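Coordinate inspection notes
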Amino acid sequence: MLITNADLADGRTVDVRISGERIETVDDGLDPDPDETVIDATDKLLLPGAIDAHVHFREPGYSHKETWDTATKSAAAGGVTTVVDMPNTDPPTTSGANFDAKADYAEAARVNYGINGGVTGDWDPDSLFDQPLCALGEVFLADSTGDMGVALDLFHDAVGRAADNDVTVTVHAEDETLFDESTREADAGGVGREANAELWSAYRSADAESAMIEQATEVGRETGAAIHIAHTSTPEGIDAAVAGGATCEVCPHHLYLSTDDLDELGTYGRMNPPLRSEERRRKVFERVADGTVDIVATDHAPHTREEKEAGLWEAPSGVPGVETMLPLLLESARQGELGYERVRDLVSRNPAEVFDLDSKGRIESGYDADLTLVDPEDPREIRGEDTHTKCDWTPFEGRLGVFPELTMVRGEVVYDRTPGSSDGRSDDSEGFGDVDGQNVRC
Ligand SMILES: NC(=O)N[C@@H](CC(=O)O)C(=O)O
Ligand SMILES: [Zn+2]
Ligand SMILES: [Zn+2]
């Protein structure tokens with residue numbers, strides 16, 4: 001296959017030849033071979049497929065929220081070609097056997113995936129580390145969905161084991177002892193969008209995050225493990241991660257939403273860590289734009305509308321996001337708030353480096369042909385009902401996103417937004433190709 005005249009994030013315009021699963025040549029003036037499929041990418045932007053290093057695809061255990069099929073369609077339609085799945089499923093991914101149980105479900109994936117191991121009081125590190133883990137984590141230092149919170153002494157042991165096995169540790173860092181219990185009394189009731197979700201932000205305080213990041217990075221230094229701080233939501237948290245020698249990630253909801261949006265979102269804006277003030281959100285955005293933050297990942301955490309239609313303290317935490325991450329970032333690039341190379345680094349190059357995905361994250365000869373093609377000047381309104389996640393709602397309703405036209409996984413079309421228009425490149429009427437997702441560690 002030959003993609004001609006594509007603009008790259010660095011401003012070059014090139015032809016890209018794909019041979020089998022790999023990028024063969026990146027050059028200009030490549031002539032199509034006889035019988036070679038040609039995609040004219042004139043005025044389109046070609047990006048390495050996004051790597052979402054933080055998703056909750058819910059199976060086994062919670063197929064009513066999401067399945068590997070719906071979630072990886074959502075990923076493909078959002079330009080995400082690799083995902084890393086978190087362990088808070090049922091059973092949790094805390095032993096070799098439980099890893100195998102998840103791997104069976106993951107066979108339905110249409111994009112590449114990694115599976116992480118998790119830590120609980122009764123985890124089985126011996127059998128777990130025998131498996132091809134992508135990373136250890138998220139290791140929960142506070143309870144979140146799945147109630148997998150662990151104490152610091154167990155965390156210390158687990159990080160030590162990870163260091164011995166040369167596995168990166170992704171950490172959910174909040175200090176429960178610093179949560180503000182008094183906020184519970186202020187709740188006047190109200191369910192779903194009527195709930196006063198600002199109380200959730202007050203409850204799981206900004207201090208609780210940065211204090212625990214300091215402790216987690218100290219354990220990293222003591223043990224020599226590579227620590228990656230998940231979903232940092234505050235400038236203080238990002239600065240603590242950097243000072244502590246860890247890598248860190250920011251999620252689209254902490255980049256584009258703040259407590260100002262909670263009037264409208266209610267429990268649909270409840271997640272851990274919670275949304276922060278507009279002032280903090282701006283400072284987080286600055287740190288993403290200037291390269292202080294290593295990666296953007298979604299923490300795609302779908303729950304049904306029925307589950308979200310509950311009181312503030314009963315509703316589950318988490319929002320979907322795998323389909324809207326790259327579109328939101330590309331809209332910021334269109335607006336001049338982020339450079340295209342920064343976007344590429346945040347969602348492709350850097351996650352590939354942090355998680356040792358050696359053949360991914362770049363459009364260069366020899367790399368996997370995981371690619372996504374967009375018209376950078378064609379934003380659309382984000383609509384929950386248009387997304388492919390099973391939960392069918394989005395906290396970004398009505399915002400603009402620059403969505404992919406075409407996504408490829410290891411040289412095969414996994415998503416084509418205009419099926420039929422392009423010589424049958426996809427297999428079904430929704431535009432999805434029947435691609436066999438592969439475990440990135442196998
Ligand atoms: N972020 C969330 O609010 N929820 C996540 C768990 C997590 O990442 O903490 C979930 O799995 O629902
Ligand atoms: Zn978390
Ligand atoms: Zn998470």
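Reading guide: rules and limits
Residues numbered from 1 in each chain as written. Chains lettered and ligands numbered in written order. Predicted model: local features only at pLDDT ≥ 70, side-chain atom pairs only at ≥ 80, totals over all residues. Pairing = 2+ DSSP bridges. Helix = DSSP H or I, 4+ residues; strand = E, 2+ residues; numbered from the N terminus. UniProt positions renumbered as here; feature names shortened; annotations may be inferred. Buried ≥ 20, exposed ≤ 12 C-beta atoms within 10 Å, placed from the backbone. Contact = placed C-beta atoms within 7 Å. Near = placed C-beta within 6 Å. Nonpolar A, V, L, I, M, F, W, Y, C, P; charged D, E, K, R; others polar.

It is worth spelling out the pairing of strand E1 (residues 2–7) at this point. Sheet topology places E1 next to strand E4 (residues 38–40); three bridges connect them, and they run parallel. Paired with Leu2 across the bridge in E4 is Val38. Sheet topology note: the E1/strand E2 (residues 13–19) ladder contains four bridges and is antiparallel. Its bridge partner being in E2, Leu2 is matched across the sheet by Arg17. In this antiparallel pair of consecutive strands, E1 and E2, the connection spans five residues, and Gly11 shows a positive phi of 95 degrees.

A few words on the UniProt feature "active site" (unreviewed entry) in the chain. The UniProt record annotates "active site" (unreviewed entry) at Asp299. Along the chain, the position of Asp299 falls in the loop between strand E13 (295–296) and helix H11 (305–308). The buried category is assigned to Asp299, around which 31 C-beta atoms lie within 10 Å. With residues up to four places along the chain from it excluded, the contact list for Asp299 reads His54, His231, Cys251 and Gly321.

On to the UniProt feature "binding site: Zn(2+) 2" (unreviewed entry) in the chain. Taking the numbering used here, the UniProt-annotated feature "binding site: Zn(2+) 2" (unreviewed entry) corresponds to Glu138, His172 and His231. Spatial clustering of the annotated residues is evident: they stretch over 94 residues in sequence, but the largest pairwise C-alpha distance comes to 10.1 Å. For His172, the location among the structural elements is in strand E10 (residues 169–172). For His172, the contacting residues outside a window of four places in its chain are Glu138, Val139, Phe140, Leu141, Ala142, Ser144 and Ala230. Note that His231 resides in the loop between strand E11 (227–229) and helix H7 (235–243).

Turning our eyes to something else, we now look at the site of ligand 1. As a matter of local geometry, ligand 1 sits amid His56, Asn88, Glu138, Ser144, Thr145, His172, Met271, Asn272, Asp299, Ala301, Ser317 and Gly318. Residue composition of the shell around ligand 1, grouped by class: two nonpolar, eight polar and two charged.

Spatial ordering of the open sheet is given by E9-E10-E11-E12-E13, a layout of five strands whose pairing is parallel. Bordering the open sheet on either side are strand E9 (136–140) and E13, each of which pairs with just one other strand. Strand direction decides the pairing type here: E10 and E11, joined by three bridges, are parallel. Bridge assignment links Val169 to a residue of E11, and that residue is Ile227.

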